[in-house]
Amino acid sequence: MTHSTSTSTSASTSTPSTYVPGLGKSTGVTAVSPGQGPRRPALRRVRDWFAAFVFTVPALVLFGMLVLVPMGYAFYVSFFNWGGFGSPTDSVGFDNYTRLFHDPVFLGDLWRGFLLVAFSLVLQLPFALAMAVLLNQKLRGRAIYRMLFFAPYILSEVITGVLFSMIFSPGDGLADKVLGAVGLDGLGGLWFAGQNTVLPTLFLVMTWKYFGFHMMLYLAGLQGIPAELHEAARIDGAGSWQRFRHVTLPLLAPTLRISVFLSVIGAIQLFDLVWVISAGGPDHHSETMVISMFQYGFKRYQMGYASAISVAMFLISLVFALAYQRFVLRRDTEGAITTMRANR
C-alpha cells in the first residue's frame, strides 16, 4: 500500500511529458505554439512602425516643402532689405522687427484685430449659440432654417465681398434704398466708405458669413447631449434657464472652446473678405495684418518687412494656440488621450 501510494503521488506531481516532432518523447519539455515566442511582438512592432513610416513619408515631404521651407525662408528674408527680385543681400539685422513696434499701420492692425476678436466672442458666437438652441427645438421646417443659415458659409469670400459691396454702396445700394423706403434715411451712410463705419459694417458681413459654421458646431454638440438629462432636470423642477445653465452649457463646453479657438485664429488671419470689400481702406481703417503684409510685399516691394509681419503674425497665432491648449483645452485633450489609451 505504501509503495503504490508513493508511486501514484510521484506520477501526479511529475512534469507531464510532451511529444516533440523529430525528438520523440521527452519529459519536462513544453511545446511552443507558433506566434507566442518572445520575438514575435517585437517583429510585429517593427512591421507596424515601418508601415506607418511608409504611409506618412509622402505627407511629411509635402508638409516640409509647402509649409516648413516657405516658413524658414520667410524668417530668413525678414533680416534683409529685399525687394523681391534676385537674391537678398542687404542684411539689416533686426531692423524690420524694430520697425514693427514703431509702425502706426501695424500697431493699428493689432488693435483692429483685437476688436474683431472681441466682436466675434461677444456678439457673433452668442448669436450662433442662440440660433443653435432655437433650431435644436422641435420646430416645423427647422431643416430648411438650418440650411438657410448655413448657406452663407458655403459661399466664397469673393462672392460675399462683391455682394455686400453692392448692397452697402453709398446712396444707390440696397441698404440705403430699404432704409429710405421705411423712412429711416438718417440711418444710411457711407458704410464701407466711412472711417467710423467701415469696421462695424465689415463685422456685420463677417457675422452673416461665418455664424452659420459655428451654429452647426453647436447643433452637433447639442444633439450629443442625452435627452434624459434634461428630462431629469425638468422633473427636479429646473426651469428652461436653469436647464440651459446647469445642463446644456457644461456639456457643450468642449464644443464652445473649439469654436472660440477657431474664431480667434480666423480673425487673426482674415484677408480675402476684407480685401475684396475695402482693400484695407479707407485710410487703413479696415486693414488687417495679412493685408498689411500683402501691401508691403506685393504693392510696395518691401519683401523683407512683409516677411517680418508674417513672422510676427505666426508668433502671435502660435503663442495663442499653445497657451489656449495649455490652459483651456487641457481637459479635453487629456480626456481624448485617456480614451485612446483605454481603447488600446
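Residues numbered from 1 in each chain as written. Predicted model: local features only at pLDDT ≥ 70, side-chain atom pairs only at ≥ 80, totals over all residues. Heavy atoms only, no water.

Right, let's get into the pattern of salt bridges. Oppositely charged side chains may form a pair once their charged atoms are brought near each other. Summed over the entire model, instances satisfying the criterion amount to 3 salt bridges. A salt bridge links D109 to R112, with the shortest nitrogen-to-oxygen separation between them at 2.7 Å. Pair noted here: D109 and R112 are both in helix 4 (residues 104-135), with a separation of 3 residues, about one helical turn. Overall, D109 belongs to the buried group, its relative accessible area being 2%. (Salt bridge = Lys/Arg side-chain N within 4 Å of Asp/Glu carboxyl O. Helix = DSSP H or I, 4+ residues; strand = E, 2+ residues; numbered from the N terminus. Buried < 20%, exposed > 50% of the residue type's maximum accessible area, 1.4 Å probe, protein only.)

Let us look at the packing of helix 4 against helix 8 (residues 198-223). Axis separation between helix 4 and helix 8 bottoms out at 7 Å; the angle between their running directions is 45°. The angle between the axes of helix 4 and helix 8 places the two elements in the oblique class. At the point where helix 4 passes helix 8, the crossing takes the right-handed sense. The residue inventory of the contact of helix 4 with helix 8, partitioned by class, reads 21 nonpolar, 4 polar and 1 charged. (Axes fitted to C-alpha atoms, helices over the stretch in contact; angles between N-to-C directions. Parallel < 35°, antiparallel > 145°, perpendicular 65-115°, else oblique. Left-handed = near helix turned anticlockwise from the far one by under 90°. Nonpolar A, V, L, I, M, F, W, Y, C, P; charged D, E, K, R; others polar.)

All told, the structure shown has 28 aromatic pairs when counted by the stated rule. With centroids separated by 5.0 Å and ring planes inclined at 65°, the aromatic side chains of F164 and W208 adopt a geometry described as edge-to-face. Of this pair, F164 sits in helix 6 (residues 157-167) while W208 sits in helix 8, and the two are 44 residues apart along the sequence. Judged by relative accessible area, which is 10%, F164 ranks as buried. The structure contains a cluster of three or more aromatic residues connected by ring pairs, namely F164, F168, W191, F192 and W208. The side chain of R99 reaches across the aromatic face of Y305, ending 3.8 Å from its centre. R300 extends its terminal NZ or CZ atom over the ring of Y296, reaching a point 4.5 Å from the ring centre. (Phe/Tyr/Trp six-rings, centres within 6.5 Å; stacked < 30°, edge-to-face > 60°. Lys NZ or Arg CZ within 6 Å of the ring centre and 35° of its normal.)

Averaged over the chain, the pLDDT score is 85; the fraction of residues at 70 or greater is 85%. Scored below 50 in pLDDT, residues 1-32 makes 16 contacts in the model with residues more than four places away or belonging to other chains. (pLDDT = per-residue confidence, 0-100. Contact = heavy atoms within 4.5 Å.)

Before going further, it helps to examine a nonpolar patch on the surface. There is a patch of nonpolar side chains on the surface, built from F63, L68, M71, F314, L315, L318 and L322 and spanning about 630 Å² of accessible area. Sorting elements by how many residues they give to the nonpolar patch places helix 13 (residues 303-327) first, with 4 residues. On the secondary structure map, F314 appears in helix 13. (Patch = residues over 30% accessible without salt bridge, like charges linked within 9 Å, V, L, I, M, F, W, Y side chains within 5 Å. Areas by Shrake-Rupley, 256 points an atom, 1.4 Å probe, with all protein chains shown as cover.)

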